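Letter by letter, the chains look like this.
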Amino acid sequence: MLRRTTLKLMATLTAASMLPFGAFAEMPATIDKPVTITFYNYNLASAGVGQEATKELIAGFEKKFPNVKVEPIAVPSNEIITRVQADIVAGKQPDVAQLVFRDLIFIASDLGGNALEDMVPEAELKDQFSGMIPKGLELGKVDGKTYGLAYTFSTPIMFYNADLFKQAGLDPNAPPKTWADVAAAGKAIKEKTGKNGFFPGAYGPTDGTFVYQAIVMSNGGKVRDGNTLTFADENAAEAVKTLRDMVTSGAHAKIDPASASDTFAAGNMGMFLYTSALLSSVKKSAAGKFDLRLAPMPSFGDKPTAPTNSGSALFVFSKDPVKQRASYELLKYLTSREAYTIITSKIGYLPLRLDIVDDPNQLGPWLKENPMFRSNLEQLDRITANMAFPGSNYRQVEKMMMDSVREAVFGNGDPIATLKTAQEQAQDLMP
């Protein structure tokens, strides 16, 4: 479906800019007259994941830039790329959009996203990037150019219920470090407390791919090599079989993936591997109910973990030079020291400017009150890109992969054979 609209998108974008595709008129250095820009945002559509903090960020930007009015457009994360695409086709050119990394290649190649290097003077862009985590910046690049500026960002983190650990005879001060430890602890919690032992947010319904990929890559596997799918290859398949074995033993819960975060927040699960973006909401749910703690994602024996990125990047679609300047100023503000202090402390995403971590005027006081968050910060040293799929069928390929992973983990057939069959079928859809 995405591919069929490409020609129409190209025509719409070219007509809007009146320039060759990919070229821009020079944007002004300042904004000296009122301008309104649209901001498509999915945090605004979810009260539990940063809605109020995002409103605070927009208000802070408008106070700093009184000539710029931001028109927020709240769209759920699983619908936002479709909404952006539909509005472009309808001639309602978006200005800025918060989109997930899985759509990066499509945005750059088919949807008309602006490369910042083509839009912003080199020295100015270099100044903005200064102080940001280089590995984070790399995640938004296609063919060496930055289409997505890393924004709300996290790695998989292990939430665990210290009270259930105690009830199961486990040491809550020594959380599992390896998948073998997770299997043992999960089984003990299930058998001794009757509660669910463990569940990873790796199966969906919409955003579990990054956790699944982190597990696979921590075992030395990956989901694709260029245009060749590899999610059924040995190391990747072994990682999935590890999850299947935990289901068989009872350590891994057999529940609806859509209910996993609520199950943990209610105190009915010992361990939950998922994005730290849930930290704020889970803390509120756990308060007065159970002792919530965090730990790094587990490893396969001595192999180093490869935590992938979840979250989003900011993309500029504006073709009008004045709106491009306003859009870029919004990007700058939303990735500033001030903004990341709000984003981390009030949502739970990682700060992509580490110089604020121990700053007494920034995140320092919050981290003293929330020392467990440092386990998430430590994973930034090993951050690994959450791979997007190329080609017009990228969403379908991803769905076929994830459907096979769920079947391999929860089904009754041979998990390796299940993955191989899906890989062979999905390969036909790759470019």
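Everything quoted here is computed from the prediction, not taken from an experiment.

A. Highlighting the overall build of the protein chain. Counting its regular elements, the protein chain contains 19 helices and 13 strands. Its C-alpha atoms give the protein chain a radius of gyration of 22 Å, near enough to 22 Å, the size a compact globule of 431 residues would have. If you line up the protein chain on its principal axes, its C-alpha atoms span 65 × 55 × 30 Å. Long-range contacts, defined as pairs at least 24 residues apart, comprise 77% of the intrachain contacts of the protein chain with a sequence gap of at least 6. Counting every atom, the protein chain has about 17500 Å² of accessible surface; 51% of that belongs to carbon and sulfur. Charge-centre separation for the protein chain: the mean point of 45 positive side chains lies 3 Å from the mean point of 47 negative side chains.

B. Local environment of the side chain of Asp359. Assignment of secondary structure puts Asp359 in the loop between helix H15 (337–346) and helix H16 (364–369). Each residue touching Asp359, except ones within four places of it in the same chain, is listed here: Arg337, Gly364 and Pro365.

C. Representation of the sheet that holds strand S6 (residues 149–154). Read across the sheet, 5 strands follow the order S2-S1-S3-S13-S6 without closing on themselves; strand pairing throughout is mixed. Each edge of the open sheet is held by one strand with a lone partner, namely strand S2 (68–74) and S6. On average, each strand axis in the sheet is inclined to that of its neighbour by 20°, with strand direction left out of account. Across 7 bridges, strand S1 (residues 35–41) lies against S2 in parallel orientation. Across the sheet, Val35 pairs through a bridge with Val68, a residue of S2.

D. Looking closely at the pairing of strand S7 (residues 156–161). In terms of residue burial, S7 counts as a mostly covered element, since 6 of its 6 residues are buried. Examined bridge by bridge, S7 and strand S11 (residues 269–275) share 5 bridges and lie antiparallel to one another. Within S11, the residue paired with Ile157 across the bridge is Tyr274.

E. Region of the structure containing the side chain of Asn114. Of note, Asn114 is situated in the loop between helix H4 (104–109) and helix H5 (116–119). With a relative accessible area of 0%, Asn114 lands in the buried category. Of the polar contacts made by the side chain of Asn114, one reaches the backbone oxygen of Ser318; its length is 2.8 Å.

F. How the structure looks around unusual backbone geometry. Positive phi is not limited to glycine here, since Asp143 has a value of about 55°. Note that Asp143 resides in the loop between strand S4 (141–142) and strand S5 (145–146). The exposed category is assigned to Asp143, whose relative accessible area is 80%.

G. Highlighting the environment of Leu57. As for its position among the elements, Leu57 is in helix H2 (residues 51–64). In this structure the C-alpha to C-alpha distance between Leu57 and Ile343, which are 286 residues apart in sequence, comes to 8.6 Å. Not counting the four nearest positions on each side in its chain, Leu57 is found in contact with Tyr151, Tyr333, Leu334, Ala339, Ile342 and Ile343.

H. The packing of helix H10 (residues 209–218) against helix H11 (residues 234–249), seen in detail. The N-to-C vectors of H10 and H11 enclose an angle of 115°; their axes lie 8 Å apart at closest approach. With respect to their mutual orientation, H10 and H11 come out roughly perpendicular. The interaxial crossing formed by H10 with H11 has right-handed handedness. The segment H10 lies against H11, with Tyr212, Ile215 and Val216 engaging Ala236, Ala239, Val240 and Leu243.

I. Examining the packing of aromatic side chains more closely. In the structure shown here, the tally under the stated rule is 16 aromatic pairs. Between Phe61 and Tyr333, the ring centres sit 6.0 Å apart and the planes meet at 55°, which makes this aromatic pair tilted. Separated by 272 residues along the polypeptide, Phe61 in helix H2 and Tyr333 in helix H14 (residues 321–334) bring together distant segments of the chain. Looking at Tyr333, the relative accessible area reads 4%, which means it is buried. Members of the aromatic cluster, each reached through a chain of ring pairs, are Phe159, Phe210, Phe264, Phe272, Tyr274 and Phe290.

J. Inspection of the confidence of the model for the protein chain at higher detail. Looking at the protein chain, the pLDDT average stands at 91 and 94% of residues meet or exceed 70. Note that residues 1–8 has pLDDT below 50 and, in this model, 12 contacts with residues that lie over four places away or in other chains. With pLDDT under 50 throughout, residues 10–22 is counted as low confidence; its partners more than four residues away or in other chains account for 18 contacts.

K. Expanded view of the environment of Gly144. Structurally, the position occupied by Gly144 is in the loop between S4 and S5. Measuring from C-alpha to C-alpha, the distance between Gly144 and Thr193 comes to 52 Å, with 49 residues separating the pair along the chain.

Rules used in this analysis
Residues numbered from 1 in each chain as written. Predicted model: local features only at pLDDT ≥ 70, side-chain atom pairs only at ≥ 80, totals over all residues. Heavy atoms only, no water. Helix = DSSP H or I, 4+ residues; strand = E, 2+ residues; numbered from the N terminus. Rg over C-alpha atoms; globule rule 2.2 N^0.38 Å. Contact = heavy atoms within 4.5 Å. Areas by Shrake-Rupley, 256 points an atom, 1.4 Å probe, with all protein chains shown as cover. Lys, Arg positive; Asp, Glu negative; His and termini not counted. Charge placed at Lys NZ, Arg CZ, Asp CG, Glu CD. Pairing = 2+ DSSP bridges. Axes fitted to C-alpha atoms, helices over the stretch in contact; angles between N-to-C directions. Buried < 20%, exposed > 50% of the residue type's maximum accessible area, 1.4 Å probe, protein only. Polar contact = N/O pair within 3.5 Å; in protein donor to acceptor, adjacent residues only side chain to side chain. Parallel < 35°, antiparallel > 145°, perpendicular 65-115°, else oblique. Left-handed = near helix turned anticlockwise from the far one by under 90°. Phe/Tyr/Trp six-rings, centres within 6.5 Å; stacked < 30°, edge-to-face > 60°. pLDDT = per-residue confidence, 0-100.

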